[in-house]
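Inside the fold
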Amino acid sequence: MSETEPHTFSPEEREELRESLLTWYARHRRDLPWRGDDVPAYGTWVSEIMLQQTQVATVRDYYVRWMARFPDVTALAEAELEQVLEQWSGLGYYRRARLLHEGAKYVVEKLDGELPGTASALRALPGVGPYTAGAIASIAFGEAAPLVDGNVERVFARLRGVGGDPKGRENQKTFWAIAAELVDASDPGSFNQSLMELGATVCTPKSPSCLLCPVRPYCSALAEGDVTRYPGKRVRKPPKEVALRSCVVSGDLDGERAVLVVKRPDKGIWAGLLEPPTAPPGELEGLLEALVGRPVELPAEPLGQLEHRLSHRLMTFSVTSAHVGEAAEPARDDARWILERELDDAALSSASRKLFALARGALSE
DNA sequence: AAGGCGGGGTT
DNA sequence: AACCCAGCCTT
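Notes on the structure in this doc start here. (Residues numbered from 1 in each chain as written. Chains lettered and ligands numbered in written order. Predicted model: local features only at pLDDT ≥ 70, side-chain atom pairs only at ≥ 80, totals over all residues. Heavy atoms only, no water.)

1. Digging into the protein's contact with DNA strand B
Lining the immediate environment of DNA strand B, one finds 22 residues, of which Arg 95, Arg 169, Ile 269, Trp 270 and Arg 313 sit closest. Take Tyr 93: an N or O atom from its main chain is 2.9 Å from a sugar or linking oxygen of DNA strand B. Between a phosphate oxygen of DNA strand B and a main-chain N or O atom of Ile 269, the distance comes to 3.4 Å. Partitioned by chemical class, the residues of the surface near DNA strand B number six nonpolar, twelve polar and four charged. (Near = heavy atom within 4 Å. Polar contact = N/O pair within 3.5 Å; in protein donor to acceptor, adjacent residues only side chain to side chain. Nonpolar A, V, L, I, M, F, W, Y, C, P; charged D, E, K, R; others polar.)

Spelled out as structure tokens, the structure:
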């Protein structure tokens, strides 16, 4: 299903749309830590990477902590990957953190610490695609670069009555063409953010507030009557079910309680993060023996089951625990002991955090 | 062109 | 319980 009508506005409509959006944005924009005159281009970069497929409310605190820990591109470039992952822990899509780290090293080593100032040059940075390049270029550098994200897709689909899967090839071309046609040359950063802000706060997926919309006179979907008909449905595969067993292994280290963690491989899900020993059912005993250097006795009954839902996987963990006495150096170099009180600051996925919490809760009762 | 990659807010 | 989020990269 593709739209064939032309998606162009008259010059007068274009100007009225820009004006309406910019005026609305000036009044209704949310106060966010990455908005303000004192935010460096590096801050815009960090925020835009964090905001990929992640909502503003989730990013907020992560951004503030990140900027305190890595205040500039040099600080980030000089950090170890594991420190970077520690700051990203819980935010998801961890490849973003790796690529941001690689990008920082590239900027420091090859670009003398200066972020590129155009969308096309920004594309050279790892993790910076069409959207992010347009966002940084327009917001941090004032380039009249267009941008399309999930919010903008919805706004345009309704404004112009574009049906079908918004991620479809033809629809994407349409949206980017509209964005390029409309982007305001005098204040592209505010204009682009006004579109996203409108999508996030007014032109929402389920119950849009059309009465409050600054561009309602131009909205084709509203004129038709049923705004939520646009955009069309996205097709998604159901998540794959995965069963795993985990064992929280505790031991004594310098008179303190420590737990055994294994670093995940640097590709695939949760790449480079730490986790309690985890394996498919039937393989956990072998893994533990390889890590500890001798067979580990496991309780007959698990402490509990833990479900972890991702968009593409439904994971079920059967959780057990074991105590091994003295914490001897693990036989494998991807494993090590860390003090239990250091777990909060470790580079864990949210799933691993839940696993450790379950074991700690069960043991202290 | 399709699939992998996280986690949580909203409704 | 769906739906979707300031997407990008690999295959």
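2. Here's the deal with the environment of Gly 113
Note that Gly 113 resides in the loop between helix H6 (95-110) and helix H7 (119-122). Residue classification places Gly 113 among the partly exposed positions, given a relative accessible area of 27%. Taking the C-alpha atoms as reference points, Gly 113 and Lys 263, separated by 150 residues in sequence, lie 31 Å from one another. Once residues lying within four places of it in the same chain are set aside, the contact partners of Gly 113 are Val 73, Val 107 and Val 108. (Helix = DSSP H or I, 4+ residues; strand = E, 2+ residues; numbered from the N terminus. Buried < 20%, exposed > 50% of the residue type's maximum accessible area, 1.4 Å probe, protein only. Contact = heavy atoms within 4.5 Å.)

3. Focus: helix H9 (residues 150-160)
Counting buried residues along H9, nine of its eleven residues qualify, which places the element largely inside the surrounding structure. Those residues of H9 that fall on the buried side of the exposure criterion are Val 152, Glu 153, Arg 154, Val 155, Phe 156, Ala 157, Arg 158, Leu 159 and Arg 160. Where H9 is buried, its residues meet helix H1 (11-28), helix H10 (169-182), helix H11 (188-201) and helix H12 (220-224). You can read the cap of H9 off the contacts: a side-chain oxygen lies 3.2 Å from the backbone nitrogen of Asn 151, and it is on Asp 149. Where H9 terminates, the next one or two residues include Gly 161, which has phi positive at roughly 65°.

4. Overview of the protein's contact with DNA strand C
Taken together, 27 residues surround DNA strand C, and among them Gly 127, Gly 129, Thr 132, Asp 149 and Asn 151 come closest. Near the protein, within 4 Å, the atoms of DNA strand C are sugar or phosphate in 64% of cases. Interatomic distance of 2.7 Å between a side-chain N/O atom of Thr 132 and a phosphate oxygen of DNA strand C. A breakdown of the residues in the surface near DNA strand C according to their chemical character gives ten nonpolar, nine polar and eight charged.

5. A look at the pairing of strand E2 (residues 256-263)
The two faces of the sheet receive side chains in turn, since in a regular strand these alternate between them. By the bridge criterion, four bridges tie strand E1 (residues 240-253) to E2 in an arrangement that is antiparallel. Within E2, the residue paired with Gly 251 across the bridge is Ala 258. Linking E1 to E2, which pair antiparallel, is a turn of two residues; within it Asp 254 sits at a positive phi near 50°. Both E2 and strand E3 (residues 274-275) contribute to a ladder of two bridges, which runs antiparallel. Looking across to E3, one finds that Lys 263 is bridged to Leu 274. (Pairing = 2+ DSSP bridges.)

6. Focus: unusual backbone geometry
In the segment running from Tyr 230 into Pro 231, the intervening peptide bond is cis, with an omega of -10°. Within the secondary structure, Pro 231 sits in the loop between H12 and E1. Of note in this structure, Asp 254 is not a glycine but carries a positive phi near 50°. Assignment of secondary structure puts Asp 254 in the loop between E1 and E2.

7. Quick notes on the pairing of strand E7 (residues 335-339)
The element E7 is largely enclosed, with a buried count of four among its five residues. Of the strand pairs in this sheet, E2 and E7 are connected by five bridges, and their pairing is antiparallel. The residue of E7 that forms the bridge with Val 262 is Ala 335.

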